[in-house]
Each structure stands twice: as C-alpha cells, then as structure tokens.
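Structural description and commentary
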Amino acid sequence: MELKLYNTLTRKKEVFRPLDPARVRMYVCGPTVYDFAHIGNARPVIVFDVLYRLLRHLYGPEHVKYVRNITDVDDKINARAAMLGIPIRQLTEETYANFQEDVKALGCLPPDVEPRATEHIEEMKVLIERLLANGCAYVAEDHVLFHVAAMPEYGKLANRSLDEMLAGARVDVAPYKRDPMDFVLWKPSKQEAGSAGGATGNAKSVEPAWPSPGGIATPGRPGWHIECSAMSWKHLGEQFDIHGGGIDLVFPHHENEIAQSRCAFHTPVMAQVWMHNGFLQVEGEKMAKSAGNFITIRELLADWPGEAIRFAMLQTQYRQPFNWTEAGMREAKRTLDHWYALTSDVEPAMLCADAVTALSDDLNSPLAFAAMHELRSEAAKGKTGAAACLKATAQLLGLLQLSAKQWANWRPASVGIDETKVEASIVARNAARKSRNFKEADRIRDELAKLGVVLKDNKDGTTTWEVAR
C-alpha cells in the first residue's frame, strides 16, 4: 500500500519512499523535562505514535526506528530547579518519569531510542567544531554562534525571507553577533564564585557546565537547537526519513536544525520529510495559564481514561487545529464504551482496508474512524467478523488495548466515591430485582444516582457502573 505524507518542506503531499526500506528512520522532538507535560504536548506524542504504528505495519516492526529525544539541559530547567531548591538532575529525573507514565496512559508505544541531551554533549561539540572549521560558525565572547548567512537556503522550511523571520522572531540582541539572526550553538554557564561546576549540573552550580569547544576556556552548555541535530545524527545518521514535531517548532527550532546539520555534513537534506501537527485550543480559546485553561496530561488523566483522550484528539486530522472540549471527551468515552462492549468476546482479526487506506493518506484518522463506525454498525447487528475487524483496526490506532473488564472498571481519580459501598449496593439491588422487589431496587438506584453513580443493567443483573458526567 502506498503511503502519502504532507511534507512541510515542499508544502505538498508526497508518496513516502524511505532512503532504505529495511531501515525506516523517524525523529520527533520530545519534551523539555521541567514540569508536567500539558495537553498540547500530548498531541504530537499521539500523532507520531500513530505514524510509528502505521510504519511498523507497512514495513515490519524490525525495520522501523523511532527516536524521540529528552531535553534535560535548558534555561527553563535551570530556573525551575532554582525555584524549587533542588538539584537539576533530581528535577529532570522526576519530570521524565512523570512524562513516561503519562504517555503510557495515553496508549503510546515507547520509542526505540529516547536519548537525553546531557548524554550527547560530545556529539554536540563534534558538530560545533565542524561548523567552526568550515566557517559556518564563529566564536564571540565565550559563545559559539551559527552564521545564518552561511546557509543560502535558510528559511525554506518556514517559507519566509530573512527579513520576515527577523520581524517575527524574538532574537537576542547582542553586540557580538555578526548578524541579528545568528543563533547560539554554545554559551557560557553561570557559575557561583569559586565553583567549577559539574558535568551533571550539581546543586553547587548555578547552571550545568562542560568544557567548551572552539578553544573557549570558560565552561559552558549547548544551545537548544544543536541538541536535536546531534542526537538525530547519533542515532539515525546524517540523513534520515522523517522529522516530526508541533507546528510551533518550524521556526526557529527546525529551521536551525536543518542549517546546522546540512552545513556540518554537506548534505542536500537533513530529513526527507518534515511533518508538523496543528495547534491545540481549549474550548475554542488558546491555552494559557493566564486564561485559567491550562491543563496538564496528568490532570486530564484524573478525569478521563487515556484512550478517551487519545480517541478525542484523533477525531481531527493531525495538521488541522484541534479544539479540546468537555463535550468531545464525553462523546469519545461513550463511543469507546460501545466499542468495548461490542468487541469484548472476540479476538482481533484482519484490519479494515478502508481505514488503513485512510491512514495511509497523510494519517487521515477522521476518515479511518468513519470506516470503523460502519464496522460498529455491522457488529451491533451481531456480525462477529465486523467486531473482530473493528478490534484489530482500533488496536492499530492504539485503542481497545485493555480488556473489557479493565475498561469498565476505570474510575476518575478526582471523584471521591467509596467503591466498596457501591459494589455492596449493587449486590443488594440485584437481590431486590431477583425477588421482584422493584421498589427497593429503584430506591437503591436513585440513591446511587445522587452520589453520581450510573448503573448499567443487563438481563442478568447490573454488572458495571460509572461516574455520571
């Protein structure tokens, strides 16, 4: 089956042809580990997990390599560690562990490699030395800067001229820059008086520090952009197939990555295909702490199952803006309730061809879901084959990964309900129904309803319950 992907670099949908079909390589920018990831961060994680699953289906799991980095050296990390009064390494370890828990709950497969920036300092310095040697970078006041004029095609990914980029960018104004658009590859680290720093940024150092490249005597640390160039090179090579991330990373991060990598290796491209997911809004508004609508993945997982969050986000094609709403979450949960009920006693079978075709057309998940809803209708008529196909196709998308019992037993952590008492009430109600004491059965049902508990009855008695929304 032919896979087509929209390439931000060429601004068109193209047939995907990997450099080596036996070694399909994808790199996606991962989190900066200083705080809980928000739901905007969840979108690229989910989108590129779907692509990873699809590539594994098309080329075979052993022929796909997915790298998603961890940025564990950054100004935000330094500031947060200082504010909390804890060592930087402690902060990054705790935050990374939280991120792993959250994305696992969203049904995402772990990448094949999850490199940390701090473990690739030597690779960064090698790239910087190459750029200095070929005149694409220079040293100024203990900084190493990339000279944008050395890259004639700079701005191609963003599709903007230098003047347009300068007008819209937040660039550091520094007298030592040859050009305002030049960006930092390496910078000096702030140190306490008398402190030599440390390779992992111990508590005595104001900032983490390493021996600097370019003959600079002052210890320093890398700029953000060089980190991804170094890690992708280390694990995927000088050129690879797909580079992904959110639309907000196109400029300057991805534009700068391309400039660094191409100039260091003298290659025509860094990645063949550049993919970017659209922005996320909350109830029609931009998410922001100042607006009071800032939601972390962890907070959302307290109220909704991870698969419902995943399903809701995939309702919108990945390149389009996604609007998170409470109503959308409720509908996603209801749909999955039905899918789990229909597929509880079947084994996954062959995939739905129409859904796979839709996914192969630039990850058109809404069209894939339309085909799956047709399967749901057939499964509801008792057609076991349709239910088995629905289950297999949903699992390709990272859905229906739990048993029906696990799904039914999910409860929102934010609702304080005594489950033991609920179960006891259900036993009493079932006994009342069996003895045809329907008045008592209704009383127990209404009492539970006041607590926010919705009962789900079948001919054999109440078997499941959930919290009303």
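Keep in mind that this is a model prediction, so the values were computed, not measured. (Residues numbered from 1 in each chain as written. Predicted model: local features only at pLDDT ≥ 70, side-chain atom pairs only at ≥ 80, totals over all residues. Heavy atoms only, no water.)

**Regarding unusual backbone geometry**
How we decide: We count a stretch as a helix when DSSP gives it H or I for four or more residues in a row; a strand needs E for two or more, and each element gets its number in order from the N terminus. Using a 1.4 Å probe on the protein chains alone, a residue whose accessible area is under 20% of its type maximum counts as buried, one over 50% counts as exposed, and one in between counts as partly exposed.
In this structure, the amide linkage connecting Phe251 to the following residue, Pro252, adopts the cis form with an omega of 10 degrees. As for its position among the elements, Pro252 is in helix 7 (residues 250–265). The backbone phi angle of Asp142 is positive, close to 65 degrees, even though this residue is not glycine. Tracing the backbone shows Asp142 in the loop between strand 5 (137–140) and strand 6 (143–146). For Asp142, a relative accessible area of 32% puts it in the partly exposed group.

**Description of the pairing of strand 4 (residues 64–68)**
Counted only if it meets this: Pairing between strands requires that DSSP locate at least two bridges from one strand to the other. For the handedness criterion, the strands are oriented away from the viewer, and a crossover whose path from the first strand over the helix to the second runs clockwise is classed as right-handed.
Most of strand 4 is tucked away: four of the five residues are buried. For strand 3 (residues 24–28) and strand 4, the ladder comprises five bridges, and the chain directions are parallel. The partner of Val28 across the bridge, within strand 4, is Arg68. A crossover connection joins strand 3 to the parallel strand 4 through helix 1 (residues 39–59); in handedness this β-α-β unit is right-handed.

**Observations concerning the packing of helix 9 (residues 306–313) against helix 10 (residues 326–343)**
How two helices pack is summed up by the angle between their axes together with the distance between the axes. Operational definition: Each axis is a line fitted through C-alpha atoms, and for a helix only the stretch in contact is used; angles between axes span 0 to 180 degrees, taken between their N-to-C directions. Orientation categories follow fixed angle ranges, with anything under 35 degrees roughly parallel, anything over 145 roughly antiparallel, 65 to 115 roughly perpendicular, and all other angles oblique. With the far helix as reference, a near helix turned anticlockwise by less than a right angle produces a left-handed crossing, and one turned clockwise produces a right-handed crossing. What makes two residues a contact is simply this: any of their non-hydrogen atoms within 4.5 Å. Amino acids are sorted into nonpolar (Ala, Val, Leu, Ile, Met, Phe, Trp, Tyr, Cys and Pro), charged (Asp, Glu, Lys and Arg) and polar (every other residue, Gly among them).
Between helix 9 and helix 10, the least distance of the axes is 8 Å, while the angle of their chain directions is 110 degrees. It follows from the interaxial angle that helix 9 and helix 10 lie roughly perpendicular. Judged by the sense of rotation from one axis to the other, the crossing of helix 9 with helix 10 is right-handed. Across from Glu307, Ala308, Ile309, Phe311 and Ala312 in helix 9, the residues of helix 10 making contact are Gly328, Met329, Ala332, Lys333, Thr335, Leu336, Trp339 and Tyr340. Within the contact of helix 9 with helix 10, the residues separate by chemical class into nine nonpolar, two polar and two charged.

**Things to note about the sheet that holds strand 13 (residues 322–324)**
Here three strands make up an open sheet; going across it, the order is 12-11-13 and the pairing mixed. This sheet does not close on itself; its edge strands, each paired only once, are strand 12 (285–286) and strand 13. When strand 11 (residues 280–282) meets strand 12, the two strands line up antiparallel, connected through two bridges. Residue pairing for strand 12: Val282 is matched across the bridge by Glu285.

**Observations regarding the nonpolar core**
Taken as a class, soluble globular proteins show a tendency for nonpolar side chains to be buried jointly. Convention followed: By nonpolar core is meant a set of buried Ala, Val, Leu, Ile, Met, Phe, Trp, Tyr and Cys residues that side-chain atoms within 4.5 Å join together.
Ranked by size, the top nonpolar core spans 74 residues in total, and within it Met26, Ile39, Leu51, Leu55, Ile242, Met275 and Trp339 carry the most contacts. No other element matches helix 1, which puts eleven residues into this core. Those residues within four positions of Ile39 in sequence are excluded, and the remaining contacts are Leu280, Val282, Met287, Ile295, Thr296, Ile297, Leu300, Met313 and Trp324. Residues Met151, Ala158, Met231 and Ile258 belong to the second largest nonpolar core, which totals 47 residues.

**Remarks on the confidence of the model for the chain**
Put simply, the rule is: Scored between 0 and 100, pLDDT is the confidence that the predictor attaches to each residue.
Confidence along the chain averages 91 in pLDDT terms, with 93% of residues attaining 70 or more. Scored below 50 in pLDDT, residues 194–204 makes 15 contacts in the model with residues more than four places away or belonging to other chains.

**Side note on the sheet that holds strand 7 (residues 183–188)**
Pairing in this open sheet of four strands is antiparallel, and the strands run 5-6-7-8 from one edge to the other. The strands lining the two open edges of the sheet, one partner per strand, are strand 5 and strand 8 (220–222). Across the sheet, the axes of successive neighbouring strands diverge by a mean angle of 20 degrees, strand direction being ignored.

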